[in-house]
Amino acid sequence: MSDEQNKAAVDQSSPLLDVQGLSVSFGNSGDGDGGRLIASDRVSMSVYAGQTLAVVGESGSGKSVSAMSVLRLIPTPPGSYDAGRIVWRGGREAVERDLLTLSEKAMRGVRGREIAMIFQEPMTSLNPVYTIGEQITEAVLLHQDVTGAEAVKIAERALRDVGIAEPVGRLKEYPHQLSGGMRQRVMIAMALACEPELLLADEPTTALDVTIQAQILELLRKLQVSRGMAMMLITHDLGVVAENADTVAVMFAGRVVEFTDVHTLFERPLHPYTRGLLGSMPVLGQKVDRLGTVDDNATIPADFPSGYTVAEHDASAAGTGAYGGEGSLLHEVEPGHWVLCTAEGEGKPTPARLSGLRGAAVKTAV
Amino acid sequence: MTTTATQLGQADGGPDGSAPDSQTPNELREQKWLAAVGQRVLGQWGGRIGLVWVVLLSVIAVFAPFLASSHPLLMTKDGVTTSPLLEHLSAADVVLLVAFFAALLLWVVGLLRPVNAAFGGGSRAWVWVGVTLGAIVVCPLVMSPPPLTVLSQYREAEAAGELERVVFTVLPFSATDRQAERPTRDKSFRPPSARHPMGTTLSGADVMSRMIHATRVALAVGVIATGLSLVIGIAVGGMMGYFSGVVDLLGMRLVEVFSAIPVLFLLIIIVATRDERNIYLMMTVIGLLSWVGYALYIRAEFLKLRQADYVQAARAVGVSVPGILFRHLLPNGVTPVLVLASFGVASAILYESTLSFLGLGLVDEPSWGGLLNEARKAGTHWGLVWFPGLAIFLTVFALNLVGDALREALDPRSVK
Amino acid sequence: MTTYILRRLMLMVPTLLGVLAVVFFVMAAAPGGVGGSGLDLEGAQNQDEDAKRVQRQMQRRYGTDLPAYQQFFRWMNQVSPVGFRMSAQVRAGYGDADRAEAAAALSGLALAERDRDLGAAVDLALEFAAYRDQTPGEAAGELAGVLGSASSAVSALHWVDSTLSPGDRERLLAGLTQSYANGLRNGQLAAVRELSFEAAGASRVRFDRPAVKMPDLGETLKGRSVVDRLSEALPISILLNLLTIPLIYLVAIVTGVYAARRAGGAFDLSSGVVLITLWCLPTIWVGQLMLQYLASAQQPWGQLFPTGGLHSLRAEELPFLPRWGGEDGFEAGWLLDSLWHLALPVVCLTYGGFAVASRVMRGSVLDALSADYVRTARAKGVHPRVVLWSHVFRNSLLPLITMAASILPALFAGTVIVETIFSINGMGKLAVDAAFAKDRELMMAVTLLGGILGLISELIRDVCYAIADPRVSYD
């Protein structure tokens with residue numbers, strides 16, 4: 001890999017992508033600021049080179065918005081990036097760049113070339129009126145200095161890499177002629193054709209059959225290893241997280257509530273929401289009448305303009321807004337383990353203090 | 001507005017199988033929903049402006065004889081006071097008046113009583129339909145207006161000082177009163193003046209009077225032709241969507257036939273080959289030729305609804321498809337057709353005025369298109385191109401505004 | 001693709017039959033209005049006589065006295081390019097081959113008569129009869145009539161309805177010779193000839209041998225071939241539409257895309273209001289206003305546009321391109337002259353169409369802009385302009401193609417109005433003229449052609465759609 005040395009130049013300890021306090025909101029133009037919907041609130045997370053960050057959370061918790069913000073794909077208006085930085089250390093220059101302040105032209109150079117993205121709905125994410133070949137070569141021609149024939153060769157190889165048989169014939173086909181799994185493979189091939197350093201995968205398997213899901217995830221894992229690529233995997237499936245992720249960011253109602261490596265998360269979840277989430281997972285061999293549920297249906301952050309609200313629910317146990325609310329921030333309660341909570345009152349929260357609190361948001365079996 | 005919509009829908013033969021006197025919860029919900037739609041149509045300024053214009057036109061149409069007539073409203077001759085205007089009212093005039101006042105009365109009753117009282121909106125609409133139909137049957141039998149009279153006799157009598165007292169309507173000319181100014185018998189246009197606010201036609205008829213009476217023609221053709229095409233369209237489209245298969249294939253060919261042949265060509269030819277052209281011919285022919293859009297809409301709606309999950313579910317528990325289609329889907333599918341219908345009224349009015357403009361319209365009866373046709377003759381004046389043209393434009397515009405407002409009001413996506 | 005078009009064509013056959021049926025029965029249902037009492041012959045001295053004569057001709061030619069369904073089959077056969085050849089299509093204005101056939105028979109007859117070879121004359125008469133599927137008696141009777149006095153010949157043709165006995169034959173031959181000789185002697189050569197032609201078509205035209213033939217649309221009331229009239233009018237209407245359709249789509253695409261890109265902006269809102277207004281403006285009014293204010297010499301600003309027609313009177317003499325230095329200084333040339341004449345009609349035809357099309361385009365661009373594949377393209381780093389014009393544009397064209405189905409009939413309606421207002425002799429004006437003249441054949445032909453053009457445009461639309469949208473299945 002030619003970028004090896006450049007990468008070495010970057011301090012290995014600093015992440016490839018560092019999202020710092022990103023806030024994104026939506027609103028109808030002309031409505032004034034009062035009606036704005038905060039989709040993502042002071043979100044921070046990092047992706048290290050060659051590693052996988054899983055962003056987990058329920059629908060509407062701001063996962064996709066955060067990922068799309070990395071590529072600045074949120075249309076403005078109605079969206080707007082209100083605060084924060086997205087520091088990107090990839091690319092040929094291998095210098096720190098804030099993607100939010102990059103020029104539109106420079107941004108187009110990042111998109112597809114340095115950071116690629118695949119989406120949740122393979123059915124609609126491919127343009128129905130162009131062939132697979134046209135859509136893959138479009139990206140190749142855009143980012144690489146190759147002729148049309150070479151681009152077709154690259155597209156062929158990309159299709160073969162994602163396990164599509166007879167790539168030559170497939171290149172001439174239209175999206176509607178392919179099955180859902182095939183389309184997602186095409187999407188991956190398209191994203192990887194330019195060999196990006198970071199792949200944003202926005203629930204890449206949600207719309208697929210369970211068996212296909214496993215295949216696609218396996219494929220992604222394989223490709224990631226073979227290319228040394230970093231990945232930001234957005235999912236709501238904790239099983240997927242456990243199998244694929246190196247680090248995990250748990251999101252709820254627009255905020256990151258817990259950010260740590262995957263082992264710590266499953267062993268020592270500290271935030272009540274995370275615990276609720278883990279408690280709602282069935283455990284093999286363990287018989288329960290009812291699985292735990294996360295009782296906060298704050299799927300639409302608009303209902304909770306200040307962001308996170310588990311605390312309200314949890315007030316009796318955790319005091320006033322210990323885990324969320326306006327004043328709470330991500331705190332590194334132990335090395336590499338960040339939890340959303342308030343730092344006021346009795347000083348800095350520690351794991352011992354936090355884990356001592358009862359997770360009232362979790363309703364375990366009766 | 002709510003009342004009007006209901007009345008229109010039912011006068012046009014909108015299928016409403018519910019019993020007139022019993023208020024099922026379903027019907028009540030339907031009415032509340034209609035009321036909500038009405039509120040939202042009224043809530044948009046476009047719909048409001050459009051409705052104001054349409055209502056204004058309707059009032060003008062109903063009261064046309066009282067606005068412009070050569071017959072005096074009151075006349076005292078040789079000590080006897082008579083009202084030639086009332087004597088000369090035709091059966092059609094009286095039917096319109098009865099329908100109008102019945103609607104007004106029932107509306108006021110509705111205002112006074114709560115909606116869910118026994119005498120609800122649905123039954124009131126039926127009462128209105130009954131009264132109107134009764135008037136249509138009875139009036140021609142009972143009434144016998146005097147045969148054609150010389151319209152200028154009153155003016156001449158007044159000029160000769162034979163009348164002790166005479167009260168004319170605001171505009172003392174009937175639409176067909178061609179000798180508006182007796183001294184000059186030569187045929188020529190007279191531009192707008194104090195006597196004729198919009199001038200006269202070549203044959204000396206008062207343009208404003210013709211404009212007023214033409215309102216009737218326009219609205220009648222628009223509403224009744226659209227009603228007819230709605231009935232045909234819903235029937236054909238319903239059959240296609242209901243039977244599908246062969247019937248659908250044949251129906252689609254029929255639709256293709258009627259969308260391939262230019263409607264205006266057929267209209268022109270049908271109208272031209274008939275020996276007498278009257279307003280009923282216009283209504284029928286326009287209605288018979290413009291059902292294609294409704295049929296396609298209803299068919300698509302039916303086919304879509306057949307595949308809907310809740311219909312499949314109903315089938316799974318053993319409800320028959322016809323039962324589902326006609327009990328539940330037809331009423332649901334038909335309501336959005338109202339939107340199409342309001343555009344349909346506009347296009348029927350356009351067809352009528354185009355035919356009249358081409359000289360193939362009504363004979364002798366006033367029509368906006370016919371007046372515009374006068375503008376093509378030599379020696380015409382500006383009034384003849386501006387007034388009827390503006391009237392057609394504003395009416396079409398108003399109906400489109402109403403249609404747009406209805407569409408927005410019916411669109412579930414626009415609910416906040 | 002070919003299979004798709006073929007299948008589409010196959011489906012068009014029943015539709016075409018439907019069009020034929022509708023066109024025909026709309027005419028046939030006219031209460032004695034056409035081909036009968038409703039005939040309105042211009043400048044006829046003896047209205048009744050002439051009307052009767054025309055009526056009789058139509059009965060022979062089109063079978064207007066037959067039951068409607070029989071008439072319908074005759075008419076279908078007549079307008080179809082594949083079908084039965086009709087016997088005795090020899091009246092002036094028919095096919096040249098038919099005319100030659102009749103002329104040959106006639107000259108043969110004359111030769112035989114001159115040589116007093118009555119046997120040959122009878123043979124020819126019988127041949128004539130066979131050609132027309134008649135009994136010899138009918139044939140002989142007709143021939144006798146033909147060669148009788150010029151004024152009563154035609155009416156004489158109707159009573160002969162007997163088998164030919166030897167006595168009759170003798171008598172008829174004698175009469176034939178005599179009357180023909182009379183006609184010739186009196187110098188009524190033209191009359192004899194004309195009557196012979198007419199006699200040839202005197203009895204009802206019958207189905208003959210199957211053939212591939214020119215569609216026969218009949219004659220107008222004034223005796224001109226309908227095909228001729230159509231071939232004059234159709235190119236003019238097609239020219240108008242060819243100018244109008246691209247203009248509609250061009251304006252619609254530009255304004256629609258622009259409005260969608262800045263949805264909710266000043267341009268979007270103002271163009272929305274303007275377009276709805278334009279859409280509601282009745283063509284009859286706009287055309288009349290233009291004529292009165294832009295094409296009238298009485299206005300203070302003078303006459304800016306011609307009042308009607310497609311060319312100036314002396315257009316034929318003009319050079320094609322404009323040039324300077326002619327006798328009057330600047331010469332506009334044929335091209336500019338035509339454009340000058342076309343300006344107002346084309347504007348009249350265009351504005352309503354692009355008002356609708358532009359709104360449709362705006363809506364579909366808006367839809368496409370928020371589509372997932374657009375996000376994918378942007379994630380690939382495609383330039384926004386390329387996203388708009390290649391990804392969004394091609395998808396948003398689909399509703400516009402579908403919409404062509406409603407634009408074309410509207411254009412037809414438009415041509416009727418616009419051609420009437422601006423006195424352009426296209427299809428629309430022809431339809432109106434035919435309606436005023438109650439010219440049965442012309443009316444049917446115009447409507448039929450309108451229907452066929454409608455079907456063709458539906459076909460073109462479907463093919464365009466199939467090309468633009470790969471999801472349409474070809475099999």
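A quick note: this is a predicted structure, and the numbers were derived from the prediction, not measured. (Residues numbered from 1 in each chain as written. Chains lettered and ligands numbered in written order. Predicted model: local features only at pLDDT ≥ 70, side-chain atom pairs only at ≥ 80, totals over all residues.)

(A) Expanded view of the overall build of chain C. Helices and strands together make up the secondary structure of chain C, namely 17 helices and four strands. Within chain C, the fraction of its 475 residues that count as buried is 40%. Residue pairs in contact within chain C that sit at least 24 positions apart in sequence constitute 69% of those at least 6 positions apart. (Helix = DSSP H or I, 4+ residues; strand = E, 2+ residues; numbered from the N terminus. Buried ≥ 20, exposed ≤ 12 C-beta atoms within 10 Å, placed from the backbone. Contact = placed C-beta atoms within 7 Å.)

(B) Up close: the interface of chain C and chain B. Chain C puts 43 residues into the contact, and the matching count from chain B is 36 residues. For the side of chain C that touches chain B, the secondary-structure elements that each account for two or more residues are helix H1 (2–28), helix H11 (266–280), helix H12 (283–293), helix H15 (384–421), helix H16 (427–437) and helix H17 (440–468) of chain C. Taken together, the residues of the side of chain C that touches chain B sort by class into 29 nonpolar, 12 polar and two charged. (Nonpolar A, V, L, I, M, F, W, Y, C, P; charged D, E, K, R; others polar.)

(C) Just the interface of chain A and chain C, in detail. Listed as interface residues are 24 residues of chain A and, on the opposing side, 19 residues of chain C. Listed by contribution, the elements that provide at least two residues to the side of chain A that touches chain C are helix H3 (104–110), strand E6 (115–118), helix H4 (122–125) and helix H5 (132–143) of chain A. When residues of the side of chain A that touches chain C are assigned to their parent elements, the largest contribution, four residues, is made by H5 of chain A. The residue makeup of the side of chain A that touches chain C, split by class, is 11 nonpolar, eight polar and five charged.

(D) Structural detail: the pairing of strand E7 (residues 198–202) of chain A. Residue and element names in this part refer to chain A. Where burial is concerned, most of E7 is hidden: five out of the five residues are buried. Taking every second residue as pointing to the same face, both faces of E7 are buried, with Leu-198, Leu-200 and Asp-202 on one and Leu-199 and Ala-201 on the other. The sheet contact formed by E6 and E7 spans four bridges and is parallel. From the neighbouring strand, Ala-116 faces E7, where its bridge partner is Leu-199. (Pairing = 2+ DSSP bridges.)

(E) Examining the confidence of the model for chain C more closely. All names here are of chain C. Scored by pLDDT, chain C has a mean of 72; 62% of the residues are at 70 or more. Taken element by element, chain C is modelled with least confidence in helix H7 (residues 153–156), mean pLDDT 35, and with most confidence in H12, mean pLDDT 90. A low-confidence stretch, residues 33–46 (pLDDT under 50), is modelled with 31 contacts involving residues beyond four sequence positions or located in other chains. Per-residue pLDDT stays below 50 along residues 146–165; that stretch engages in 38 contacts with residues further than four places along the chain or on separate chains. Here the predicted complex scores 0.77 on pTM and 0.81 on ipTM. (pLDDT = per-residue confidence, 0-100.)

(F) Representation of the packing of helix H10 (residues 226–261) of chain C against H15 of chain C within the structure. All names here are of chain C. At their nearest, the axes of H10 and H15 sit 11 Å apart, and the two run at 130° to each other. Of the possible angle classes, the one that applies to H10 and H15 is oblique. The two elements H10 and H15 meet at a crossing, and its hand is right-handed. Residues Ser-237, Leu-240, Asn-241, Thr-244 and Ile-248 of H10 touch H15, and the partners they reach there are Ile-407, Leu-411 and Thr-415. A breakdown of the residues in the contact of H10 with H15 according to their chemical character gives four nonpolar, four polar and no charged. (Axes fitted to C-alpha atoms, helices over the stretch in contact; angles between N-to-C directions. Parallel < 35°, antiparallel > 145°, perpendicular 65-115°, else oblique. Left-handed = near helix turned anticlockwise from the far one by under 90°.)

(G) Geometry of the sheet that holds strand E2 (residues 37–47) of chain A. Residues and elements named next belong to chain A. The strand order across the open sheet built from four strands is E2-E1-E4-E5, with neighbouring strands paired in antiparallel fashion. Every interior strand has two partners, whereas the edge strands, E2 and strand E5 (97–98), have only one. Looking at chain direction, strand E1 (residues 17–26) and E2 are connected through seven bridges and run antiparallel. Residue Leu-22 lies in a different strand from E2, and its bridge partner there is Val-43. Lying over the sheet, helix H2 (residues 63–70) contacts E1, E2 and strand E4 (79–88), oriented at roughly 115° with respect to E1.

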